[in-house]
Amino acid sequence: MQELNAFDVSNLVKESQILTGGKINNIYQIDNKDLYLQIYVNQSKQLLRIISGKAFFITKHRPEFPENLQRFCSYLRKYLLNARIKEIKQIDYERIIKIVFETKSDNFELIAELFGKGNILLINNNKILSVIEEQIWADRKLKAGETYSYPKREESKEMFEKQKQKGSNTTMSSLDEEFSKTVQPKAETAKKKEIQRIKTIIEKQTEQMEKAVKEAELNKRKGELIYTHYAELKEKISKTDKKERTLKVILE
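Just so you know, the residues in each chain are numbered from 1, in the order the chain's sequence is written. In keeping with the predicted nature of the model, local features appear solely for residues at pLDDT of at least 70, side-chain atom pairs appear and are counted solely at 80 or more, and the whole-chain, interface and lining totals rest on all residues. Remark: hydrogens and water are excluded; side-chain values derive from all non-hydrogen atoms of the structure.

Chemist: It is not clear to me how the packing of helix α1 (residues 6-15) against helix α3 (residues 156-166) should be interpreted in this structure. Could you clarify?
Modeler: Two quantities define a packed helix pair, namely the angle between the axes and the distance from one axis to the other. Between N-to-C directions, angles span 0 to 180 degrees; the directions come from axes that are lines fitted to C-alpha atoms, helices contributing only their stretch in contact. A helix here means a DSSP run of H or I that spans at least four residues, while a strand means a run of E at least two residues long, and both kinds are numbered starting from the N terminus. Here α1 crosses α3 at 70°, and the two axes come no closer than 8 Å. The pairing of α1 with α3 is recorded here as roughly perpendicular in orientation. Here α1 contributes Ala6, Phe7 and Ser10 to the contact with α3, which in turn contributes Phe160, Gln163 and Lys164. Note on residue classes: Ala, Val, Leu, Ile, Met, Phe, Trp, Tyr, Cys and Pro are nonpolar, Asp, Glu, Lys and Arg are charged, and everything else, Gly too, is polar. Split into classes, the residues belonging to the contact of α1 with α3 amount to three nonpolar, two polar and one charged. Note on terminology: angles under 35 degrees are roughly parallel, angles over 145 are roughly antiparallel, angles of 65 to 115 are roughly perpendicular, and the others are oblique. Residues count as neighbours in contact if any of their non-hydrogen atoms are within 4.5 Å of one another.

Chemist: Help me understand the nonpolar core in this model?
Modeler: Nonpolar side chains tend to gather and get buried jointly when the protein is soluble and globular. Only buried Ala, Val, Leu, Ile, Met, Phe, Trp, Tyr and Cys residues count toward a nonpolar core, and they belong to the same one when joined by side-chain atoms within 4.5 Å. Each residue gets one of three labels from its accessible area relative to the maximum for its type: buried under 20%, exposed over 50%, partly exposed in between, using a 1.4 Å probe on protein chains only. Formed by 38 residues in total, the largest nonpolar core has its most connected members in Leu37, Leu48, Ile50, Phe56, Ile99, Phe101 and Leu110. Among residues more than four places away in sequence, those in contact with leucine 110 are Leu35, Leu37, Ile50, Phe72, Leu76, Ile97, Lys98, Ile99, Phe101, Ile120, Leu121 and Leu122. Counting eleven residues, the second-largest nonpolar core is a separate cluster that includes Ile111, Phe115, Ile128 and Tyr148.

Chemist: What am I meant to see in the packing of aromatic side chains here?
Modeler: For any pair of aromatic rings, the description rests on two quantities: the centre-to-centre distance and the angle between the ring planes. Pairing of aromatic rings covers Phe, Tyr and the six-membered ring of Trp, with a centre-to-centre limit of 6.5 Å; geometry is then stacked below 30 degrees between planes, edge-to-face above 60, and tilted otherwise. Within the structure shown, the criterion is met by seven aromatic pairs. Summarising the aromatic geometry, the rings of phenylalanine 7 and phenylalanine 160 are spaced 5.7 Å apart at their centres and angled 75° between planes, so their arrangement reads as edge-to-face. Pair noted here: phenylalanine 7 is in helix α1 and phenylalanine 160 is in helix α3, with a separation of 153 residues, a long-range link. Here phenylalanine 7 falls in the buried class, since its relative accessible area comes to 11%. Residue classification places phenylalanine 160 among the buried residues on the basis of a relative accessible area of 9%. Arranged with centres 3.9 Å apart and planes meeting at 5°, the rings of tyrosine 28 and phenylalanine 65 form a pair that is stacked. Of this pair, tyrosine 28 sits in strand β1 (residues 23-29) while phenylalanine 65 sits in the loop between β4 (55-59) and α2 (71-80), and the two are 37 residues apart along the sequence. Each of the two residues, tyrosine 28 as well as phenylalanine 65, counts as buried. Cation placement over rings: the criterion is NZ of Lys or CZ of Arg within 6 Å of the ring centroid and within 35° of the ring normal. One cation-aromatic arrangement involves lysine 78 over tyrosine 75; the distance from NZ or CZ to the ring centre is 6.0 Å.

Chemist: Just to check I follow, could you spell out the environment of glutamate 94 for this structure?
Modeler: With respect to the helices and strands, glutamate 94 occurs in the loop between β5 (84-90) and β6 (96-102). Once the C-alpha coordinates of glutamate 94 and glutamate 207 are considered, the two residues, 113 residues apart in sequence, prove to be 62 Å apart. When residues no more than four places from it in sequence are discounted, the contact partners of glutamate 94 are Ala6, Val9, Tyr150, Pro151, Lys152, Arg153 and Ser156. Here the side chain of glutamate 94 touches arginine 153 through a polar contact of 3.3 Å, side chain to side chain. For the purposes of these results, a polar contact is taken to be a pair of N or O atoms within 3.5 Å, where, inside protein, one atom must be able to donate a hydrogen and its partner to accept one; residues adjacent in sequence count only when each atom of the pair is a side-chain atom.

Chemist: So what exactly am I meant to see when it comes to unusual backbone geometry here?
Modeler: What you tend to see is this: most non-glycine residues have negative phi, and most peptide bonds are trans. Positive phi is not limited to glycine here, since asparagine 42 has a value of about 50°. Relative to the helices and strands, asparagine 42 is located in the loop between β2 (34-41) and β3 (44-51). Backbone geometry places asparagine 82, a non-glycine residue, at a positive phi of 75°. When you line up the elements, asparagine 82 lands in the loop between α2 and β5.

Purely geometric stuff here, so don't read any function into it on its own.
Written out as structure tokens, the structure reads:
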């Protein structure tokens, strides 16, 4: 898929306005590029997916989320769980989306850079609290403790207007369809895990059965030998002193 342009981003921001006022229920992270925000809004749950440098859309496809939290996700949960979305906007004419969150004590901003390598950052009073991926450039540093700045381009507005004239077919639905092709649905993943669990049980039971069959064959052979040599064994045991009639002596 082609990289989003600034006008595409403006359309996504318009679609995302239905999330304004929503409350953050949970936050998930797949890898160092893929973030999910679960939002309760208008008596329903919405799942916002942000792919660093690539996309920003509401998804209908819920994957199997990893049990172990990554550092950035853990940081976001600390500050944003139960926060409300106050505003979602595009920064100037750039491919950057800012989500403003309101908590009881403070306001925070989640910045999604949807160009180049991309990045996702948590900001407070223009200071970077955490980033999904630390990056250091000649003109700016994207790391905790630094002041956030974005690369402004003088021709941004002019380019935006040209893109606007051409129009855009990019929607949240089209992005969801495109980027969800490789998403493993939760139900399907759970089904595969259950199948694997049953396979493991069957393999262990098969191994135990094979072992039992071998032991049964060995015991049968022992019984046959005892029956064949019964008279000889009886005679030897009768001649053995009672004190020496230990299991070891008899077996020898």
